[in-house]
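Summary of the model geometry
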Amino acid sequence: MAESSMYLSIGFVLITLITLWFLFKASRNTKVIVGIAIWMIITGILGVLGFYRNVEAFPPRFVFLIGPAILFILGVFLFRGGRKFVDGLDLKWLTLLHMVRVPVEFVLFAIFLDGLIPELMTFEGYNYDILSGITAPIIYYLFFVKGWIGKKGLLFWNIACLLLLLNILTIAIFSAQTPFQKLAFDQPNIGVAYFPFVWLPAVIVPIVLFSHLASIRQLLVILPKKL
């Protein structure tokens, strides 16, 4: 492995751990963090072994990266105990968590330069997700510190950033080497099949998605009851 690639991998591991730390600050639930850590170990080992790089397999191995976490998130919101957990999360930390999307975007750009993902998935293409990370501390300051924007402002920001996340997720899925590939045939999305970048779809994206959904639920359901 080249020295630059080693530093990039170490940096991405740190970004993943920081994302996990933000979620812990929001939840203060050790069991949840341990559960995610176990999932990280499983996907990490499979990434090292090349499990996700088998493009001939059906169903596509990419499904096993993001699918289980998405199903788990849906389960959390479907069951009463899960909704109780969501309602107890700290909205401040859920907002600050999105700052990790800035370094993630720079990692994606570096991976693109290495030929492992298409330009479409970077901020030079159609990935505007970096805006979510840049605005996160600003929104935090305006809402939680100064109170200059109201609940509707924070809600609008979460919905807008959720749409940005869904945009890049869609691009990533359709540019991956699967039977459903529709984009980037000249330079497909293969980078997330390698360790430690498997943690982007398996860990970071689900946590970011969950944070938006939890925040939106709190803003629509919980906060109005407290007013």
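For the structure, check the block above.
Residues numbered from 1 in each chain as written. Predicted model: local features only at pLDDT ≥ 70, side-chain atom pairs only at ≥ 80, totals over all residues. Heavy atoms only, no water.

When its secondary structure is counted, the protein shows 9 helices and 0 strands. For the protein, the succession of helices and strands along the chain, N to C, is α-α-α-α-α-α-α-α-α. Referenced to the eigenvectors of the C-alpha coordinate spread, the extents of the protein come out at roughly 55 × 35 × 35 Å. For the protein, the proportion of its 227 residues judged to be buried stands at 47%. The long-range fraction of contacts in the protein, counting pairs at least 24 apart against all pairs at least 6 apart in sequence, stands at 74%. A total accessible area of about 11,600 Å² is found for the protein, and carbon and sulfur atoms account for 71% of it. Positive and negative side-chain charges in the protein, numbering 17 and 10 respectively, have mean positions lying 22 Å apart. (Helix = DSSP H or I, 4+ residues; strand = E, 2+ residues; numbered from the N terminus. Buried < 20%, exposed > 50% of the residue type's maximum accessible area, 1.4 Å probe, protein only. Contact = heavy atoms within 4.5 Å. Areas by Shrake-Rupley, 256 points an atom, 1.4 Å probe, with all protein chains shown as cover. Lys, Arg positive; Asp, Glu negative; His and termini not counted. Charge placed at Lys NZ, Arg CZ, Asp CG, Glu CD.)

In this section: the side chain of T95. Relative to the elements of secondary structure, T95 occurs in helix α5 (residues 91-96). One polar contact links the side chain of T95 to the main-chain carbonyl oxygen of L91, over a distance of 2.9 Å. Aside from chain neighbours lying at most four places away, what touches T95 is A136, I139, Y140, F144, L154 and W157. (Polar contact = N/O pair within 3.5 Å; in protein donor to acceptor, adjacent residues only side chain to side chain.)

For the structure shown, the criterion picks out 15 aromatic pairs. Ring centres of F106 and F123 lie 5.5 Å apart, and the angle between their planes is 65°; this geometry places the pair in the edge-to-face category. One end of the pair, F106, is in helix α6 (residues 101-113); the other, F123, is in the loop between α6 and α7 (130-145), with 17 residues separating them in the sequence. F106 sits in the partly exposed class, given a relative accessible area of 48%. Here F123 falls in the partly exposed class, since its relative accessible area comes to 28%. Taking the centre distance of 5.1 Å and the plane angle of 80° together, the rings of F195 and W199 count as edge-to-face. (Phe/Tyr/Trp six-rings, centres within 6.5 Å; stacked < 30°, edge-to-face > 60°.)

Our next topic: the nonpolar core. Core analysis: the biggest nonpolar cluster contains 62 residues, and L200 and F210 have the highest contact counts within it. Elements supplying a minimum of two residues to this core: α1 (3-27), α2 (30-49), α3 (63-78), α5, α6, α7, α8 (151-174) and α9 (199-226). With 13 residues, α9 is the largest single contributor of residues to this core. When sequence neighbours within four positions are dropped, the list of residues in contact with F210 reads L23, I73, V76, F77, F85, V86 and L89. (Core = buried A, V, L, I, M, F, W, Y, C linked by side-chain atoms within 4.5 Å.)

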